[in-house]
Amino acid sequence: MHGNNDSFEAVIGLEVHSQLLTKTKMFCSCPNIFGMEPNTAVCPVCLALPGALPVINIEAVRLAVKAALALNININKKSLFARKNYFYPDLPKGYQISQYLDPVSSNGYLDIETEDSSKKNKINKRIRINRLHIEEDAGKLIHIGNRSYVDLNRAGTPLVEIVSEPDLSSAAEASAYLKSLREILVYLGVSDGNMEEGSFRCDANVSVRRKGDPELGTRAEIKNVNSFKFVEKAIEFEIERQIDLILNGGKVIQETRLYDSKENITRSMRGKEEAHDYRYFEEPDLPPLILSKEFINDVKNSITELPAEKRRRYVSEYKLTEYDAEVLTQDKEIADYFEDLIKENSNRIDIKKLANWVINELLSELKLKESEERMPLSAKNFLELITAVESGSINRNTGKIVLAEMLSSGKSALEIIKEKNLAQVSDDKGIEDIVKQVVNENQKEFADLIGGKDKLFGFFVGEIMKKTKGKANPKKANEILRKYIEENK
Amino acid sequence: MDDLCRLTISEIAGLLKKKEVKSTDILNSYVKRIKAEEPEISAYLYNDFEEAERNAEAADKIISSGSDYPALTGIPLSIKDIFLIKGKRTTCASKILDNFISPYDSTVVRKLKENNYVFLGKTNLDEFAMGSSTENSAYKITKNPYDLNRVPGGSSGGSAASVAADLCAGSFGTDTGGSVRQPAALCGVVGLKPTYGLISRYGIIAFSSSLDQAGILSKDVTDAAIMLEAVAGFDEKDQTTRKFNVKKYAEIVKKADKSILKGLNIGIPAEFFSDGLDPEINSKVSEIKILLKDLGANIIDISLPDTKYSVSTYYIIATSEASSNLERYDGIRYGYRYNENDGGAIQSLDDLYRKSREAGFGNEVKRRIILGTFALSAGYYDAYYKKASLVRKLIIKNYKDAFAKADIIIGPTSPTPAFLIGEKTADPLSMYLSDIYTISVNLAYLPGLSIPVGAVKNPTKTDGILPVGLQIISPWTTEDKLLSVAKIIEDEVKFREKIKK
């Protein structure tokens, strides 16, 4: 008997590639846009025509440095570009310009939330980051029938590669790390974080060893994982596969494996023997990348509050629940919007109420409508609606209807309320008249109510609301009905 | 009018300015000359007389308009077939680019167009500029105008021959390890390789990126200065160019006076006079030493102790970079792609690459790709590429130390005069040694110039002579000094006048 699954531990490191949100490509001035006609965003440089030379896109460098600073990675004032040589039709030059020996940044960390060994308590875990470097993306192969087509629009797109140390010990941790990383990059405006379109990609290095064994096991590299769910599943499968292999007397071999999401398995792609010799060497077409103190400071100053800090502040400063803080900060646009509401909140509506309006009304309404525009309402307009409800000039249900109308028509809350005559009937005289009318139409029920059938109170309130199409202020309606009952007893 | 093609650029420009001749007259003289001589010499891969005529007519219009115009307006030039010209075939003398029509202009050609030059045609070279004799061209062998049985040198052999045989007024070549200076020496013309980064490499087919530099082949030093001024300078498309202050080289050369030699320290590196040097060339260089001394210069002995490593260092760095630079010729996007009708069926993607490159590249190119691939391979990188990069630093330091004592350095350009066609093709190593004195200049990013200083007897041709080149090397970005000293030597030696007789 060799032991069981529990006597093993997994050692995982992630290599994340993220496209940078620059206007132009890494080494030429072609547009960096997804979804153009194949081979239209190309030029002599990214087509690798004879004689063409790369020119560093400083905007890409700026975004890479921004990401590195946010991930606590040391910026190297001098870094080098290198060529990674291999033949493939989507790689027009026959080499990828990357960074090898001297990356733009090295040695950082990212803190993630995970569970302790009892799996009962949440703890923070520091995942060390080996490096973040700049490189260019390859083009794309499109296979149709038995033919393959090359689209070089993506060739030369700027990327950062972020390599973690093997500090992750479960699929869940890997997923938490990846989510946190993605959140930061999206927050900074460095990446769109889109895994399906491939602008945010992840390779996982997975190995297992018996607990307490100081030696690392042989690792397999898993490629081609294009969603958070698949990252978790692929790693889980791979851990199981390796443990089973060892328990059955086998040996893990160093290889590259592809994840097949349909069958939820990983498959060997190439072994160590077939591994490429990339023949890295310094890119002679580019000078060393020298970053001045001013440049680095300038980038540093452009970094806004990161999601984890924001969450902490929402809880301590705004007294929101952890859950609400989480929902509001998951997306920078939502967080920015929420903070705009607070800034514009001249009627001093309780911040918790604002948070509820965003989470319960706005976000669910947007989700319902599958709105493409993320935050289509101006903070000012939304506050107008919130104020109308919170001050009682319309009731909550009407508020929801108005919100839907605002989102579809683009009109302001006050416009809609006025146009549709939705303002609550709050004046005593108006409601009194309606109460009388309702009693008149339901004399038998009213007699029963006075006679002690208290359940009928709700019926009368309902009738009043029906008559006013919901516009009556429910509090007022209650009050006046009660008074009327007393008077007629 | 037939003699117009024998004039230098400055002479032609003078006639154009005085409106004594038109650019079309000049062109006609060259066309006539090319038609008569080119079949023997084979300097060109192709001529484009239609384009030349359009260019000449346009230049004449500009000249007759009376306003100021750039220095090369109306001057017929040839271009090594390594520079891209929009709409023109650019092969780099390789089968792999047999059908390649460039969709864009190299920066050098863009500047020449802005200068209203006249494009005569593309000159022959060793395939991908790899060679010292132009015998490695996939298309033809260029002959030395002094002896049709001999090579013009290389790799810019077509350019050097075209200038020497008056088939153009001047030519643009490239120099990676001596490819401008060595053929200039063998053909008796001026060859200038400027400081690395002074002329943009954009649109020049890369051989070895850290060594390649556009160069100039001209009939005299003044022309070299005019041509340099027209194309030098920072280019935002080439990050290895620098924001140098491009000087008025032509004016500086015009004013060059013997007096600048007074007290000038001229270094003679002992290592440039080693065993392999032809004794007659040695004595020609000695004559120049005496001449310069007589003009007031201090001749001092210096040492470039690591020169002996320069050929091996060069062949590791250049081939490593080339192995990578030539990966783009894969038969996928442009150029030659193996066709099943050419032989066996294509088995796989790798097989397509292999067969296309097998048929597309010549032997010397393949030899260098293999050498460079090996030098960069895992397990060998440290021993070869990394070591070579370190030696390169030593060679740079050698020159730095030497320039602490000497203002400029002189020596032979080539260890031998032009050799016979086929003489060295079977022995690549002996071919590589023909750049032994030029290579270290590229490794150190320095400017170097070859100037004809005389001739030796041609042992295989009765009454024949073979030119001898003197190499002048100056510190980084001091082309002004380099050209000035060259001009003074030129005026003293009077090579052109003597040869004409």
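About the criteria used
Residues numbered from 1 in each chain as written. Chains lettered and ligands numbered in written order. Predicted model: local features only at pLDDT ≥ 70, side-chain atom pairs only at ≥ 80, totals over all residues. Heavy atoms only, no water. Helix = DSSP H or I, 4+ residues; strand = E, 2+ residues; numbered from the N terminus. Rg over C-alpha atoms; globule rule 2.2 N^0.38 Å. Buried < 20%, exposed > 50% of the residue type's maximum accessible area, 1.4 Å probe, protein only. Contact = heavy atoms within 4.5 Å. Areas by Shrake-Rupley, 256 points an atom, 1.4 Å probe, with all protein chains shown as cover. Lys, Arg positive; Asp, Glu negative; His and termini not counted. Charge placed at Lys NZ, Arg CZ, Asp CG, Glu CD. Polar contact = N/O pair within 3.5 Å; in protein donor to acceptor, adjacent residues only side chain to side chain. Expected span 1.5 Å × (residues − 1). Arc of directions from axis to C-beta. Pairing = 2+ DSSP bridges. Axes fitted to C-alpha atoms, helices over the stretch in contact; angles between N-to-C directions. Domains from an automatic or database assignment. Parallel < 35°, antiparallel > 145°, perpendicular 65-115°, else oblique. Left-handed = near helix turned anticlockwise from the far one by under 90°. Core = buried A, V, L, I, M, F, W, Y, C linked by side-chain atoms within 4.5 Å. pLDDT = per-residue confidence, 0-100. Salt bridge = Lys/Arg side-chain N within 4 Å of Asp/Glu carboxyl O. Buried area = accessible area lost by both parts, 1.4 Å probe. Phe/Tyr/Trp six-rings, centres within 6.5 Å; stacked < 30°, edge-to-face > 60°. Lys NZ or Arg CZ within 6 Å of the ring centre and 35° of its normal.

**Observations concerning the overall build of chain B**
- Secondary structure summary: chain B contains 17 helices and 11 strands in total.
- Taking 23 Å as the expected radius of gyration for a compact globule of 501 residues, we find that chain B reaches 22 Å, a close match to that expectation.
- Residues classed as buried in chain B amount to 62% of the 501 residues present.
- Excluding contacts between residues fewer than 6 apart, the proportion of contacts in chain B whose partners are at least 24 apart in sequence is 76%.
- Taken as a whole, chain B presents about 18,400 Å² of accessible surface, with 52% of it coming from carbon and sulfur.
- In chain B, which carries 65 positive and 64 negative side-chain charges, the distance between the mean positions of the two groups comes to 3 Å.

**Digging into unusual backbone geometry**
Residue and element names in this part refer to chain B.
- Residue Gly154 is joined to Ser155 through a cis peptide bond whose omega torsion reads 10°.
- Here Ser155 lies in the loop between strand 3 (118–123) and helix 5 (157–164).
- Unlike most non-glycine residues, Asn116 shows phi in positive territory, near 60°.
- Following the sequence through the fold, Asn116 ends up in the loop between helix 4 (107–114) and strand 3.
- Look at Asn116 and you get buried, because its relative accessible area is 16%.
- Even without a glycine there, the phi angle at Asp166 is positive, about 55°.
- Relative to the helices and strands, Asp166 resides in the loop between helix 5 and strand 4 (170–174).
- On the basis of relative accessibility, which here comes to 8%, the residue Asp166 falls in the buried class.

**Comments concerning the side chain of Asp175(B)**
All names here are of chain B.
- Tracing the backbone through its elements, the reader meets Asp175 in the loop between strand 4 and helix 6 (181–187).
- Accessibility expressed as a relative area gives 0% for Asp175, which makes it buried.
- Polar contacts involving the side chain of Asp175 include one to the main-chain amide nitrogen of Gly178, which spans 2.7 Å.
- There is a polar contact of 2.9 Å between the side chain of Asp175 and the side chain of Arg181.
- Residues within four places of Asp175 in sequence aside, it is in contact with Val180, Arg181, Lys193, Leu211, Asp212, Gln213 and Asn442.

**Observations concerning helix 12 (residues 428–441) of chain A**
All names here are of chain A.
- The first and last C-alpha atoms of helix 12 sit 20 Å apart over 14 residues, in line with the 20 Å expected at 1.5 Å per residue.
- For helix 12, every residue scored as buried is listed here: Gly430, Ile431, Ile434, Val435, Val438 and Val439. Projection of helix 12 onto a plane perpendicular to its axis shows the buried side chains occupying an angular sector of 165°, all on one side. Residues of helix 12 that are exposed and point over 90 degrees away from its buried face: Lys429 and Asn440.
- At its buried positions, helix 12 is contacted by helix 13 (443–450), helix 14 (456–467) and helix 15 (474–488).

**Focus: the sheet that holds strand 7 (residues 265–269) of chain B**
All names here are of chain B.
- Here we have 11 strands laid out as an open sheet, ordered 1-3-2-4-6-5-10-11-9-7-8, and mixed in their pairing. Only two strands of the sheet have a single neighbouring strand rather than two, namely strand 1 (44–47) and strand 8 (298–302). Across the sheet, the mean angle from the axis of one strand to that of its neighbour is 30°, orientation sign disregarded.
- Bridging between strand 7 and strand 8 involves 5 bridges; their strand directions are parallel.

**Side note on the environment of Arg33(B)**
- In this structure, Arg33(B) sits in helix 2 (residues 23–41).
- Linking Arg33(B) and Leu72(B), residues 39 residues apart in sequence, is a C-alpha distance of 20 Å.

**Considering the domain arrangement of chain A**
- Here the domain parsing of chain A yields domain 1 (8–295), domain 2 (308–419) and domain 3 (428–488).
- For domain 1 of chain A and domain 3 of chain A, the distance between their C-alpha centroids amounts to 68 Å.

**Quick look at helix 3 (residues 49–64) of chain B**
Residue and element names in this part refer to chain B.
- Between its terminal C-alpha atoms helix 3 stretches 22 Å, which fits the 22 Å expected from 16 residues at 1.5 Å a residue.
- Turning to helix 3, the residues buried within the fold contact helix 1 (9–17), helix 2 and strand 3.
- Just past helix 3, the residue Gly66 takes up positive phi, approximately 90°.

**What to know about the packing of helix 14 of chain A against helix 15 of chain A**
All names here are of chain A.
- Here helix 14 crosses helix 15 at 125°, and the two axes come no closer than 10 Å. Compared by their axis directions, helix 14 and helix 15 come out oblique. Note that helix 14 runs across helix 15; the crossing there is right-handed. For the pair formed by helix 14 and helix 15, the contact residues are Phe457, Phe460, Val461, Ile464 and Met465 on the first element and Pro474, Ala477, Asn478, Leu481, Arg482 and Ile485 on the second.

**Focus on the nonpolar core**
- Counting residues in each nonpolar core, the largest one holds 165 residues, and the members touching the most others are Leu77(B), Phe128(B), Phe172(B), Tyr399(B), Ile472(B), Leu483(B) and Ile489(B).
- Excluding residues within four positions of it along the chain, Ile489(B) makes contact with Ile288(B), Leu292(B), Ile451(B), Val453(B), Leu470(B) and Ile472(B).
- Counting 66 residues, the second-largest nonpolar core is a separate cluster that includes Ala68(A), Ile73(A), Cys202(A) and Ala204(A).

**Some points on the sheet that holds strand 4 (residues 82–85) of chain A**
All names here are of chain A.
- As summarised here, the arrangement of the 3 strands in space is 5-4-15, forming an open sheet in which the pairing is antiparallel. Whereas interior strands pair on both sides, the edge strands pair on one side only; in this sheet they are strand 5 (95–98) and strand 15 (281–282).
- Both strand 4 and strand 5 contribute to a ladder of 4 bridges, which runs antiparallel. Directly across from Lys84, in strand 5, lies its bridge partner Gln96.

**A few points about the confidence of the model for chain B**
- Averaged over all residues, the pLDDT of chain B is 96; the fraction at 70 or higher stands at 99%.
- Interface confidence in the predicted complex, given as ipTM, is 0.96; pTM for the same model is 0.88.

**Notes on the pattern of salt bridges**
- Counting across every chain of the model gives 62 salt bridges over all chains.
- Across the pair Lys310(A) and Glu305(A) runs a salt bridge, and its minimum N-O distance is 3.2 Å.
- The exposure class of Lys310(A) is buried, given its relative accessible area of 4%.
- A salt bridge links Lys343(A) to Asp340(A); the nearest nitrogen and oxygen atoms lie 3.8 Å apart. In this pair, Lys343(A) and Asp340(A) both sit in helix 7 (residues 332–344), 3 residues apart, roughly one turn of the helix.
- The exposure class assigned to Lys343(A) is exposed, which follows from its relative accessible area of 68%.
- With relative accessibility at 33%, the residue Asp340(A) sits in the partly exposed group.
- Beyond isolated ion pairs, a larger network of salt bridges with shared partners links Arg83(A), Glu283(A), Asp285(A), Arg201(B) and Asp238(B).

**With respect to the interface of chain B and chain A**
- Chain B puts 38 residues into the contact, and the matching count from chain A is 30 residues.
- Among the residues chain B hides against chain A, the three largest losses belong to Gln239(B), Glu327(B) and Arg328(B). Together they make up 26% of the total.
- In this assembly, chain B and chain A are joined by 2 salt bridges.
- For Arg201(B), the salt bridge identified is with Asp285(A), shortest N-O distance 3.1 Å.
- Our enumeration of links across chain B and chain A arrives at 20 residue pairs in polar contact (both at pLDDT 80 or more).
- Those elements that place two or more of their residues in the side of chain B that touches chain A are helix 10 (310–325), helix 11 (349–360) and helix 12 (363–376) of chain B.

**Section: the packing of aromatic side chains**
- Counted according to the given criterion, the structure contains 30 aromatic pairs over all chains.
- With a centroid separation of 4.4 Å and an interplanar angle of 35°, the aromatic rings of Phe374(B) and Tyr380(B) are classed as tilted.
- Note on Phe374(B): relative accessible area 36%, which makes it partly exposed.
- The rings of Phe100(B), Phe128(B), Tyr329(B), Tyr334(B) and Phe361(B) are connected pair by pair, giving a single aromatic cluster.
- The ring centre of Tyr278(A) lies 4.4 Å from the NZ or CZ of Lys84(A), which sits over that ring.
- Lying over the aromatic face of Phe228(A), Lys179(A) brings its terminal NZ or CZ to 5.7 Å of the ring centre.

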